[in-house]
Amino acid sequence: MMWARRDILKAGSAIVATTGLPRLARAQVGGTSVGTLEIDTAGRRAPISPLIFGQFIEFLGRSITGGIFEEGSPLSDANGFRRDVLAKVLGLQPTILRFPGGTVTKIYHWEDGIGPRATRRVRPNLIWGGVEDNHFGTDEFIRYARELKAEPFITVSMGVGTAEEASNWVEYCNGTGRTHYADLRRRNGFDAPHAVKYWGLGNEEDAEPDAGRLQDPADYVREAWYYAKLMKLHDPSIKLIAAGGGQAWNERVVHELHPVADYLALHLYPKTQGGVPLSLIKSADDTEATIGTIRDQIARLAPPRVTEFNKWYRFPPRAAPMMIALDEIGIWEDAGGGVYNMETRYDWNHALATATLYNVMIRNADIIGMATWAQTVNVLAPILTNATGSIAQTIWFVMALYRRFCGSHRLSATLPSPVLALPGAEQQRSLDTAATIDDAGGTISVFVVNRHPDRAVATRIARPAGYRRVDLHELSAPSPRSANTLDRPEENVVAERSRTLGTIPDHYSFPAHSITVLHFRR
Ligand code: AHR
């Protein structure tokens, strides 16, 4: 698992294309800028998939047990769901929830996690360590996703699992007839089908150190086709996510699986290099080049419409253009205590990087079909728990802000910016921007992240034609090193400020290390 991740990041940084540099000529390098924010309201609008606001839970450390689920805790309900945690997850309004992994899918048998809890099979977690009692399984997952009003997204095992086992899972979840697995679901208390639309064909199957068995792309493609057939014959309407990997792997997978794969999975985990905080900003910026490479591969190898498809298949081919599923996106820092401890503490610099990642997703809305943040609770997560409570980390506030203000379509916007010119991120822009428009009300949201640790950056604002008023929503913290902690759960370092500016001003100065939404109204 570790090698796969590093390879993906390496592939990304080998093709770094720094964006926005030609525009720097108009901006003053240093701190105060005289550039102009221009929003192209007449230009091409790409729809933004609401599924970019997804979350991910895995049988890894305290992500599920001790995270969202804790039987017997006074903080839990009759289902075993931690209500304090659920409230915080609800605050993110996730649109899709991925389960059960991650790497753990390689050893997962879904039938261990259904039926009366007392009789469920207890197994060692051979991937991440510890023991899994499987008290949280498919039905609990569906119940949790429904509480969140999120689409469930299941990743099947291509390690110890088989195509038949995966197709039985589809039957259990989606079957409507009087067949064995559909009836088993009914006996377990769920008359109505779970209607799971999104299914992942394995996870990081190229990863050599993992307990996988399909690390050659030819093997993966052959097996994935078999899985796709058996799963789609149960439910032709399901959407499939093919496992991504390095460049050569992706070429083959896109070329050969595109008639049935709706998405190619991409995992992105920016991180701080060599202890230099701003290197994280560069690492987050570099994700855009990685996405660009895959966009090119898909454009070259997966025609938007599948015209030739073997008529024998009793299910249709892919109907919409193939997209990228960022089914793991997060910030992977060394949390100390060895590689298996991923309970990372995030500070305000991580929040600035998180905002950058959401800007990247919005700017690339034409190719990003979904994203599930890795992960939701305790593991590389916006929420941390202990036995007595939970906290929202700095990155939680960013995720909630973007979810609240992101419109239905991407607009193109330009905002000249000085470069940071600081160790770790010399050439990175201080200001990072993305713009959206909402179909319903026509409001425009411009997200601006000032990544500079201690300099405000001023800009002129070109009033978008037809818009007269602007509101401002801003997140900030005392310093890029500020963090919320479980030791002081009542203290929150993140300041949220909302102001009605009224008439659109000619200039605006974005404070140092801040995240701002300019919300334009007619
Ligand atoms: O999210 C943590 C792990 O990172 C996942 O299990 C794996 O898919 C990735 O390498």
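Up top is the structure.
Residues numbered from 1 in each chain as written. Predicted model: local features only at pLDDT ≥ 70, side-chain atom pairs only at ≥ 80, totals over all residues. Heavy atoms only, no water.

Asks: Before we move on, could you go through the pairing of strand 10 (residues 263-268) and cite the residues and values that matter?
Replies: Taking burial as the measure, the six residues of strand 10 include six buried ones, the bulk of the element. Both faces of strand 10 are covered, namely the face carrying Tyr263, Ala265 and His267 and the face carrying Leu264, Leu266 and Leu268. For the crossover that starts at strand 9 (residues 239-242), traverses helix 7 (residues 247-257) and ends in the parallel strand 10, the hand is right-handed. Relative to strand 11 (residues 323-329), strand 10 runs parallel, the two sharing five bridges. Following the sheet pairing, leucine 268 is matched in strand 11 by isoleucine 329. (Buried < 20%, exposed > 50% of the residue type's maximum accessible area, 1.4 Å probe, protein only. Helix = DSSP H or I, 4+ residues; strand = E, 2+ residues; numbered from the N terminus. Right-handed = clockwise from strand over helix to strand, strands pointing away. Pairing = 2+ DSSP bridges.)

Asks: Run through the nonpolar core, naming residues and quoting values.
Replies: Core analysis: the biggest nonpolar cluster contains 130 residues, and Trp199 and Tyr220 have the highest contact counts within it. If you tally residues by element for this core, the top one is helix 9 (residues 348-363), at 10 residues. When residues no more than four places from it in sequence are discounted, the contact partners of tyrosine 220 are Met158, Leu201, Glu205, Leu214, Ala242, Ala243, Trp249, Val253 and Leu257. Core analysis: the next-biggest nonpolar cluster, separate from the first, contains 20 residues, Ile39, Leu415, Ile437 and Tyr508 among them. (Core = buried A, V, L, I, M, F, W, Y, C linked by side-chain atoms within 4.5 Å. Contact = heavy atoms within 4.5 Å.)

Asks: Describe in detail helix 10 (residues 394-405), supporting the description with residues and values.
Replies: Turn by turn, an α-helix covers 3.6 residues, leaving residues three or four places apart pointing in a common direction. Helix length check: helix 10 (12 residues) gives 18 Å between terminal C-alpha atoms against 16 Å at 1.5 Å per residue, within 8%. When you tally the buried positions in helix 10, you get 10 out of 12 residues, the bulk of the element. Taken together, the buried positions of helix 10 are occupied by Thr394, Ile395, Trp396, Phe397, Val398, Met399, Ala400, Leu401, Tyr402 and Phe405. (Expected span 1.5 Å × (residues − 1).)

Asks: Outline the sheet that holds strand 8 (residues 198-201), listing residues and values.
Replies: In spatial order, the strands read 3-4-7-8-9-10-11-12; together these eight strands close into a barrel with parallel pairing. Averaged over neighbouring strand pairs, the angle between their axes works out to 30° when direction is ignored. Bridge analysis of strand 8 against strand 9 gives four bridges, and the strand direction is parallel. Counterpart to tryptophan 199 in the pairing with strand 9 is leucine 240. Running at roughly 160° to strand 10, helix 8 (residues 279-301) makes contact with strand 10, strand 11 and strand 12 (368-374) of the sheet. Along the sheet, helix 9 makes contact with strand 11 and strand 12, crossing strand 12 at roughly 160°. (Axes fitted to C-alpha atoms, helices over the stretch in contact; angles between N-to-C directions.)

Asks: Any chance you could break down the environment of glutamate 58 for me, citing the residues and the numbers?
Replies: Examined against the element boundaries, glutamate 58 turns out to sit in the loop between strand 3 (54-56) and helix 2 (83-91). You can call glutamate 58 buried: its relative accessible area is 2%. Taking the C-alpha atoms as reference points, glutamate 58 and valine 156, separated by 98 residues in sequence, lie 13 Å from one another. Polar contacts involving the side chain of glutamate 58 include one to the main-chain amide nitrogen of valine 104, which spans 2.9 Å. (Polar contact = N/O pair within 3.5 Å; in protein donor to acceptor, adjacent residues only side chain to side chain.)

Asks: Which residues make up the pattern of salt bridges, and what values go with them?
Replies: As enumerated under the stated definition, the model contains 29 salt bridges in all. With its nearest N and O atoms 2.9 Å apart, the salt bridge here joins aspartate 210 to lysine 106. Residue aspartate 210 is located in the loop between strand 8 and helix 6 (217-234), and its partner lysine 106 is located in the loop between strand 4 (96-99) and strand 5 (123-124); the two are separated by 104 residues in the primary sequence. Lysine 106 carries the same exposure label as aspartate 210, and that label is buried. For aspartate 347, the salt bridge goes to arginine 481, with nearest N and O atoms at 2.3 Å. (Salt bridge = Lys/Arg side-chain N within 4 Å of Asp/Glu carboxyl O.)

Asks: Can you explain the pairing of strand 4? Please cite residues and give values.
Replies: Consecutive residues of a regular strand have side chains that alternate between opposite faces of the sheet. With burial as the criterion, each face of strand 4 is covered, one bearing Ile96 and Arg98 and the other bearing Leu97 and Phe99. Two elements, strand 3 and strand 4, share two bridges in a ladder whose sense is parallel. Paired with glutamine 55 across the bridge in strand 4 is leucine 97. Read as a crossover between parallel neighbours, the route from strand 3 over helix 2 to strand 4 is right-handed. Across four bridges, the pairing between strand 4 and strand 7 (residues 151-156) is parallel. Looking at strand 7, one finds that arginine 98 is bridged to phenylalanine 153.

Asks: Tell me about the site of the ligand, residues and numbers included.
Replies: The local shell around the ligand holds 13 residues, among which Glu58, Thr103, Asn203, Tyr269 and Glu328 are the closest. In the environment of the ligand, an oxygen atom lies 2.9 Å from a nitrogen or oxygen atom belonging to the side chain of asparagine 203. Coverage of the ligand by the protein chains reaches 100% of its 280 Å² of free accessible surface. Broken down by class, the residue content of the shell around the ligand amounts to six nonpolar, four polar and three charged. (Near = heavy atom within 4 Å. Areas by Shrake-Rupley, 256 points an atom, 1.4 Å probe, with all protein chains shown as cover. Nonpolar A, V, L, I, M, F, W, Y, C, P; charged D, E, K, R; others polar.)

Asks: Go over the side chain of arginine 98, please, and point to the residues and values.
Replies: Position of arginine 98 relative to the elements: it lies in strand 4. Residue arginine 98 is classed as buried on the basis of its relative accessible area of 0%. Among the polar contacts made by the side chain of arginine 98, one reaches the main-chain carbonyl oxygen of aspartate 327 at a distance of 3.3 Å. Beyond its immediate stretch of four places on either side in the chain, arginine 98 contacts Gln55, Phe56, Ile57, Phe141, Phe153, Thr155, Asn203, His267, Asp327, Glu328 and Thr372.

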